[in-house]
Amino acid sequence: MAFTQTSDTQVRDNVFTLALSAFIKERMFDQVTKASALLRWMAGGDVIDISENQLMADLPPETLDEKTALVPLTGSRIEILLEMGRNDTVKWVSPWEAVDVENQELYTRAYFDWKNMMGGVALSEIEEGMTDDDAVIEKMAAAQIKSLKKAMVYQLQSAVFLDGSANAGKAASGLQSFVASDPTTGTVGGINRANNAAWRNIQVACGGGLSVAKMRTTYHNASNGNSVETPQFIITTQNAFEAYEVFLSTPERIVQNKRLANLDFEHYLFKNKCVVTWDGNCPAQLMYFLAKQGFKWAFNPKLNFKMRTFAYKTGSMVKEAPVVFQCEFVPVEPRRLAVLTGITNG
């Protein structure tokens, strides 16, 4: 006699899959992006709430450039439209003078492949069978989620400072890729920087211990004149950060902006508006000057920490649920990005 039965384990699987999927969708994105100083700044920090993953819905483009570097995109690859020239039809004219209007090649496109970060949670049916207490099993699942979050944070924290060559080029492209110590070489997004000066970031050589003068020069070189388009975030090594602290006679008084003072990571301000902080993953002897107008953190909302249902591993009592996050860090205006190199402190 054949019959079917829905076991307690199957019911738990369905419940946990729904619960964990909801947790990952609603909270993982928020927690991961706020887990380090750089990722938090890129995501918007205290400026906007990204917990609902709808940060783009009601904000105009000019506000987005100021508030966040996150951009939701879909498609088989990432396409960035780049302004490479200036409209030269604009001029001062007399009342009867004409303006020559003709088609100008002002834009080009850069293309980037998506990068996929994948991990997962696993539960043992044997361990589940050793208890009837759902609270104990929920703690097992919570521990798995906590471990997954820490691992994903670690991968993102390290990748954002690297050049994308890790794991045979499958890792996300980081600052060393598009804020290069030698911006005159290399191909980024299919564009050769050697032939396109507009596609190069700013680089200033320190050539010794950190100095405020070199920081000023780097900051100004990455600014669009004396305008609002200036670096907003400086991140460096612990040694360089401590060297900067020495320059501050009263460091506790440096943070005067109340909103920035509420950021929950150690920082000071440069020129009273640009955050200065450090990260252990930052490459030695480098200090990055970043603006959200200069680069974006593209992510696919369809694969935004997407979790699939639990499936049993072949020949075992272990069930697994993979989670994937598809994203890439992409430059859009490298001239607003800079790196101060050769800082010898420490």
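About the cut-offs
- Residues numbered from 1 in each chain as written.
- Predicted model: local features only at pLDDT ≥ 70, side-chain atom pairs only at ≥ 80, totals over all residues.
- Heavy atoms only, no water.
- Helix = DSSP H or I, 4+ residues; strand = E, 2+ residues; numbered from the N terminus.
- Contact = heavy atoms within 4.5 Å.
- Areas by Shrake-Rupley, 256 points an atom, 1.4 Å probe, with all protein chains shown as cover.
- pLDDT = per-residue confidence, 0-100.
- Salt bridge = Lys/Arg side-chain N within 4 Å of Asp/Glu carboxyl O.
- Buried < 20%, exposed > 50% of the residue type's maximum accessible area, 1.4 Å probe, protein only.
- Core = buried A, V, L, I, M, F, W, Y, C linked by side-chain atoms within 4.5 Å.
- Phe/Tyr/Trp six-rings, centres within 6.5 Å; stacked < 30°, edge-to-face > 60°.

Enquirer: What am I meant to see in the overall build of the protein here?
Expert: For the protein, the count of helices and strands is ten helices and 15 strands. Residue pairs in contact within the protein that sit at least 24 positions apart in sequence constitute 71% of those at least 6 positions apart. By element, 49% of the accessible surface of the protein is carried by carbon and sulfur atoms, the whole surface being about 18,600 Å².

Enquirer: Before we go on, may I ask you to explain the confidence of the model for the protein in this structure?
Expert: Per-residue confidence for the protein gives a mean pLDDT of 80, with 77% of residues at or over 70. For the stretch residues 1–6, pLDDT sits under 50, and the model shows two contacts to residues farther than four places along the chain or on other chains. With pLDDT under 50 throughout, residues 46–65 is counted as low confidence; its partners more than four residues away or in other chains account for 36 contacts.

Enquirer: Could you clarify how one ought to interpret the pattern of salt bridges in this entry?
Expert: Between side chains of opposite charge, a pair can form as their charged atoms come close. Considering all chains together, one arrives at five salt bridges under this definition. A salt bridge links Arg109 to Glu79, with the nearest nitrogen and oxygen atoms 2.4 Å apart. Separated by 30 residues along the polypeptide, Arg109 in strand E3 (residues 107–112) and Glu79 in strand E2 (residues 78–83) bring together distant segments of the chain. Taking the relative accessible area as the measure of exposure, Arg109 reaches 42% and is therefore partly exposed. Glu79 sits in the partly exposed class, given a relative accessible area of 44%. One salt bridge in this structure joins Glu328 and Lys115, with 3.4 Å as the shortest N-O distance. Of this pair, Glu328 sits in strand E14 (residues 318–331) while Lys115 sits in strand E4 (residues 115–124), placing them 213 residues apart in sequence. Through salt bridges with shared partners, one network takes in Glu229, Glu333 and Arg336.

Enquirer: What is the right way to read the environment of Ala243 from this model?
Expert: Positionally, Ala243 belongs in helix H9 (residues 238–247). Taking relative accessible area as the criterion, Ala243 reaches 9% and is therefore assigned buried. For Ala243 and Gly209, which are 34 residues apart along the polypeptide, the C-alpha to C-alpha distance reads 8.2 Å. Here Ala243 is in contact with Leu210 and Asn345, once residues within four sequence places are set aside.

Enquirer: So what exactly am I meant to see when it comes to the nonpolar core here?
Expert: Nonpolar side chains in soluble globular proteins tend to end up buried together. Core analysis: the biggest nonpolar cluster contains 59 residues, and Leu38, Met42, Tyr288 and Leu290 have the highest contact counts within it. Excluding residues that lie within four positions of it along the chain, Met42 makes contacts with Thr68, Ala69, Leu70, Val160, Lys292, Phe295, Trp297 and Phe329. Membership of the second largest hydrophobic core comes to 22 residues, among which are Ile202, Tyr244, Phe270 and Ile343.

Enquirer: I tried to follow the packing of aromatic side chains on my own but got confused; where do I start?
Expert: Any aromatic ring pair is given by two values, namely how distant the centres are and how the planes are angled relative to each other. All told, the structure shown has ten aromatic pairs when counted by the stated rule. Ring centres of Tyr219 and Phe270 lie 5.8 Å apart, and the angle between their planes is 70°; this geometry places the pair in the edge-to-face category. Placement of the pair is Tyr219 in helix H8 (residues 212–221) and Phe270 in strand E9 (residues 268–270), with a sequence separation of 51 residues. Side by side, Tyr219 and Phe270 carry an identical accessibility label, which is buried. Plain terms: the ring middles of Tyr244 and Phe247 are 6.5 Å apart, the flat faces sit at 80° to each other, and that makes the pair edge-to-face. Separated by three residues within a single helix, Tyr244 and Phe247 lie in helix H9, roughly one turn from each other. Residue classification places Phe247 among the partly exposed residues on the basis of a relative accessible area of 38%. Taken together, the aromatic side chains of Trp41, Phe178, Phe233 and Phe295 make up a single cluster linked through ring pairs.

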